[in-house]
Amino acid sequence: MGDRNSGSFQRVLRRGLLAGLLGVVLVPASAHAGVVATHVADFNEPTYIASPPGDTHRVFIVQQDGTIRIIKDGAVEATPFLQLGGKVTSPGSGANNEEGLLSMAFSPDYATSRRFYVYYTSSNGGTCTANCPNVVSEFIADTPDSAPVSSERVLVTLPHPGDGNHNGGQLQFGPDGDLYISVGDGGGGNDTHQNAQKTSTLLGKILRVSPGTTDYAIPGGNPYGTNAKCINGTNGGSPCPEVWWYGMRNPWRFSFDSATGDMAEGDVGEDSDEEINFAHPNQYVGGNFGWPCYEGLELNQSAPSAECTPEPVPVPPVLTYHHTSNCGGDSFCGNGVIGGYVMHDPSLPSLNGCYVYGDLSNAHLRVTRLAQPAALGDTDLGPSVSNLSSLGVDASGHLWAADISGPVYRLDSDGNGATMPTCPPAPAALGGRDSTPAKLHITRRKRQHVLKRRYLTVTVSPNELATITARGRVSIRGTRHALETHSSTRQCFGLKHVTLHVRISRKTTRRIRRALRHHWRVVAKLTVTSKDASSNLSKARHVSIRIVG
C-alpha cells in the first residue's frame, strides 16, 4: 500500500466517520540502544505475520491484496504460498480500505494436517465491491511452500452490511487448541448498527470455535454453547454459542501468552481513548467489555441509548491512552492501537514476559507488564515503525512488525546487554482478602438541570479498585410519593475519578417538568455504595441535589 492508501487505512481503522482528521506519521524504523528493528524485506500492504508451530525456517507474510508470501531462511520466496485473487474484495478508499485479507492462523497439528485458516472480506465471486461479508476459511497446503485455492472450505460467514470498516480480522489458536476470531462491530460511528451489545449477532465479538473436518463445533465452556450455531452471522434473537467476549468496537489484534495462556486484546477506539484488555485463562467467559456504552474507562455520551439502557457493568481495560486530539501532556498518544505479544525471545531475555504493542499513527513501539487491575510501567521500547499494521511472532519467539506501506521488520538485540530495556517484574500473587471496604470521596453539583439530558451525575473516587453503584429517589414538594430513578454501576481503579450518570425515566421527567412549571421544589437524593475486590460492601452515602429548570 502506498502512502496515500496507508493514510486511508490508518484513518478508517481508527474512526471511520472522521477519516479526514489525521495524516500519516512518516517516521522511519529506528531504535534506541538495546533493541533494533531490522528491515527484512518489503511487501505489498502487509497486514499480518505468522509462522507454523515448530517451523523455524519459514515466516509467512499476509498481504491485504489476498496473497500470502514466505520468507524462507531469510529470503523471500519468488512464488506465493497462497493467492486468493478475485475471492478477496480489493481494498478501496475510505471505510472500505479496511477490507482485504487480514490474518491467518496455523492449526496446532499443521505439521501433519497442513490445515490453516484465513480471515478475509469476500467479493462473493466478484459481485461484492463494498461492505462485503467477512469469511473465515480453512485451506490445506499441498507442500510446505504452497497451498491450492481449490482446497478452501468456508467455516464462518459474517455479513457486514452498511459500512466497510471495523472488520476486526484476527485469528489465533488458543492454548486450549480452539480457534479464536475477532470481529468488529460492523462499522460506522458509535456502533451505528447496534451490534456490539447484542449476543445474538457475531459482530463486535471475540468468538471461540473448534474446527472439524466438515464444520466447526462449539467448545465446552462457551457461555451460550447449547444454542443453535450462527454460522451465517446471526441467530434470530437467541445468543450465539460462538460468542466468547462481547462489547467490542474493532478488536483488530489480540494474542495469547505462549507461557501462561493469558489473553491480551487491543480494541481500537472512537473519539478519545485506545484500550488493551487482559484476561487469564477462562477468566471473563462471556464478558462484556463495554462498547459502545464505554470507551476506555469512560462513559460514551454518544452511545445509542437502546444499547446502553440499562447501563452495563463492563470488564475494564488494564491499559488506556488518549487520542492525539486530547493528548495534553501524556507521554504517549495515538489513534489506532495495534495489539501485540508477550515476549519470550531467547535473544532478548530482559524482555521475557513483557508485552510489546504499538499504534498505527504513533511510530514508537511500547512495552509494559500486563497485570490486573492495571498494567505496570508502560514505556517506550525504542524501535519506531511507521504506519504499524500488525505485530507477529515466529516459531523461534522473535517479534516481527509490519508497516502497511510495505516494510517488514524483525526486532533484534543490538548486542549490548547493558543497554537492554526491561519492564517491571510481575506482581506478586495476591495474599489474603482484606476486610475493609473502599473509602469513597464524592463530589456533585448541588443544582443540576436534567430535563433535556434526563440523568443526574455524581463523581466518585475510591481509594482502591471498587465497583460503584448510585441510585436515586426524586421528591417533589407537596406530593406523597418519591419517584425512583434507574441505577448506575461503574468499576473504578483506586484514586481515579469516575462519573456515574443516573438516568431518569420519561415518566419521572414529565412529573419534574410539571412541578417546575408550578415552582414546586424538586430534590433528588442519590445513594452511593461500593463493593471492593474482596467483596466488602461500603456503608451507603447520601447526597442531595436540587433539580432546577
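Conventions adopted
- Residues numbered from 1 in each chain as written.
- Predicted model: local features only at pLDDT ≥ 70, side-chain atom pairs only at ≥ 80, totals over all residues.
- Heavy atoms only, no water.
- Disulfide = S-S within 2.5 Å.
- Buried < 20%, exposed > 50% of the residue type's maximum accessible area, 1.4 Å probe, protein only.
- Helix = DSSP H or I, 4+ residues; strand = E, 2+ residues; numbered from the N terminus.
- Salt bridge = Lys/Arg side-chain N within 4 Å of Asp/Glu carboxyl O.
- pLDDT = per-residue confidence, 0-100.
- Contact = heavy atoms within 4.5 Å.
- Pairing = 2+ DSSP bridges.
- Axes fitted to C-alpha atoms, helices over the stretch in contact; angles between N-to-C directions.
- Patch = residues over 30% accessible without salt bridge, like charges linked within 9 Å, V, L, I, M, F, W, Y side chains within 5 Å.
- Areas by Shrake-Rupley, 256 points an atom, 1.4 Å probe, with all protein chains shown as cover.
- Lys, Arg positive; Asp, Glu negative; His and termini not counted.
- Charge placed at Lys NZ, Arg CZ, Asp CG, Glu CD.
- Core = buried A, V, L, I, M, F, W, Y, C linked by side-chain atoms within 4.5 Å.
- Phe/Tyr/Trp six-rings, centres within 6.5 Å; stacked < 30°, edge-to-face > 60°.

> Could you give an account of the state of the cysteines, with specific residues and numbers?
Taken as a whole, this structure holds five disulfides when the rule is applied. Shown here is the disulfide that connects Cys 128 with Cys 132, its sulfur atoms set 2.0 Å apart. Taking the sign of the S-S torsion, about -110° here, the bridge from Cys 128 to Cys 132 comes out left-handed. Residue Cys 128 shares its accessibility class with Cys 132, and that shared class is buried. Here Cys 327 connects covalently by a disulfide to Cys 333, the sulfurs 1.9 Å from one another. Looking along the S-S bond of the Cys 327-Cys 333 disulfide, the torsion reads about 85°, which is the right-handed sense. Residue classification places Cys 327 among the buried residues on the basis of a relative accessible area of 16%. By relative accessible area, Cys 333 is classed as buried at 4%.

> Outline the environment of Val 474, supporting the account with residue identities and numerical values.
Within the secondary structure, Val 474 is located in strand E33 (residues 466–476). Look at Val 474 and you get buried, because its relative accessible area is 0%. Taking the C-alpha atoms as reference points, Val 474 and Ala 111, 363 residues apart in sequence, are found 67 Å from one another.

> Before we move on, can you summarise the environment of Thr 214 with the specific residues and values?
In this fold, Thr 214 is placed in the loop between strand E13 (205–211) and strand E14 (216–217). Assessed through its relative accessible area of 68%, Thr 214 is described here as exposed. Taking the C-alpha atoms as reference points, Thr 214 and Tyr 355, 141 residues apart in sequence, are found 37 Å from one another.

> Describe the pattern of salt bridges, listing the residues and the values that go with them.
Opposite charge on two side chains allows them to pair when their charged atoms are near. Throughout the structure, instances matching the rule amount to 13 salt bridges. Between Asp 145 and Lys 72 there is a salt bridge, with its nearest N and O atoms 3.1 Å apart. With Asp 145 in the loop between strand E9 (134–140) and strand E10 (153–158) and Lys 72 in strand E4 (residues 67–72), the pair connects residues that are 73 residues apart, well separated along the chain. Residue Lys 72 is classed as partly exposed on the basis of its relative accessible area, which comes to 25%. Here Arg 410 ties to Asp 412 by a salt bridge, and the two come within 2.9 Å at their closest N and O atoms. Several salt bridges share partner residues, and in doing so they unite Asp 55, Arg 58, Lys 72 and Asp 145 into one network.

> An account of the confidence of the model for the protein is needed here, citing residue identities and associated values.
Chain-level statistics for the protein give a pLDDT mean of 89 and a share of 91% at 70 or above. Confidence drops under a pLDDT of 50 for residues 1–8, and excluding neighbours within four residues, the segment shows 20 contacts in the predicted structure. A low-confidence stretch, residues 14–28 stays under pLDDT 50, and its non-local contacts, those more than four residues away or across chains, total 51 contacts.

> Talk me through unusual backbone geometry; I want residue IDs and the actual numbers.
In this structure, the amide linkage connecting Trp 291 to the following residue, Pro 292, adopts the cis form with an omega of 5°. Mapped onto the fold, Pro 292 is located in the loop between strand E19 (287–288) and strand E20 (294–295). Going from Thr 309 to Pro 310, the amide bond is cis rather than trans, its omega being 0°. Inspection of the secondary structure assignment puts Pro 310 in the loop between helix H3 (305–308) and strand E22 (319–322). Even without being a glycine, Gln 194 presents a positive backbone phi close to 55°. Locating Gln 194 in the fold gives a position in the loop between strand E12 (179–183) and E13.

> Give me the lowdown on the environment of Gly 233, citing residues and values where you can.
Along the chain, the position of Gly 233 falls in the loop between E14 and strand E15 (243–246). The class of Gly 233 is buried, set by a relative accessible area of 4%. Taking C-alpha positions, Gly 233 is 7.6 Å from Val 156, a pair spaced 77 residues apart along the chain. In contact with Gly 233, other than residues within four places in its own chain, are Thr 157, Pro 159, Ser 200, Thr 201 and Leu 202.

> So what about the sheet that holds strand E28 (residues 399–403)? Which residues, and what values?
Taken in spatial order, the four strands make up an open sheet running E1-E29-E28-E27, and their pairing is antiparallel. Lying at the two open borders of the sheet, with one neighbouring strand each, are strand E1 (35–42) and strand E27 (388–393). In this sheet, neighbouring strand axes are inclined to one another by 25° on average, regardless of whether the strands run parallel or antiparallel. For E27 and E28, the ladder comprises five bridges, and the chain directions are antiparallel. Its bridge partner lying in E28, Val 393 is registered against Leu 399.

> Report on the pairing of strand E2 (residues 46–50), specifying residues and quantitative values.
Across the five residues that make up E2, a large majority, five, are buried. The sheet contact formed by E2 and strand E3 (residues 58–63) spans four bridges and is antiparallel. In the strand pairing of E3, Tyr 48 is matched with Val 62.

> Run through a positive patch on the surface, naming residues and quoting values.
On the surface, a cluster of positive charge is contributed by Arg 506, Lys 507, Arg 510, Arg 511, Arg 513, Arg 514 and Arg 517. Counting through the fold element by element, Arg 517 comes out in helix H4 (residues 506–517).

> I'd love a proper account of the nonpolar core, names of residues and values included.
Phe 81, Met 104, Phe 116, Val 118 and Leu 179 are the most contacted members of the largest nonpolar core, which has 81 residues in total. Each residue touching Leu 179, except ones within four places of it in the same chain, is listed here: Ala 105, Tyr 117, Val 136, Leu 155, Leu 171, Gln 172, Phe 173, Leu 207, Arg 208, Val 209 and Pro 211. Formed by 28 residues, the second largest nonpolar core is a distinct cluster that contains Val 450, Leu 456, Val 474 and Leu 516.

> Before we move on, can you summarise the sheet that holds strand E24 (residues 355–359) with the specific residues and values?
Strand order in the open sheet formed by four strands is E23-E24-E25-E26, and the pairing between neighbours is antiparallel. Strands with a single pairing partner mark the edges of an open sheet, and in this sheet they are strand E23 (337–342) and strand E26 (376–384). Adjacent strand axes in the sheet meet at a mean angle of 25° when their direction is disregarded.

> With reference to specific residues and values, describe the packing of aromatic side chains.
Applying the stated criterion across every chain, the model contains 16 aromatic pairs. Taken together, a centroid distance of 6.4 Å and an interplanar angle of 90° make the contact between Phe 332 and Tyr 357 edge-to-face. Of this pair, Phe 332 sits in the loop between E22 and E23 while Tyr 357 sits in strand E24, and the two are 25 residues apart along the sequence. Each member of the pair Phe 332 and Tyr 357 is classed as buried.

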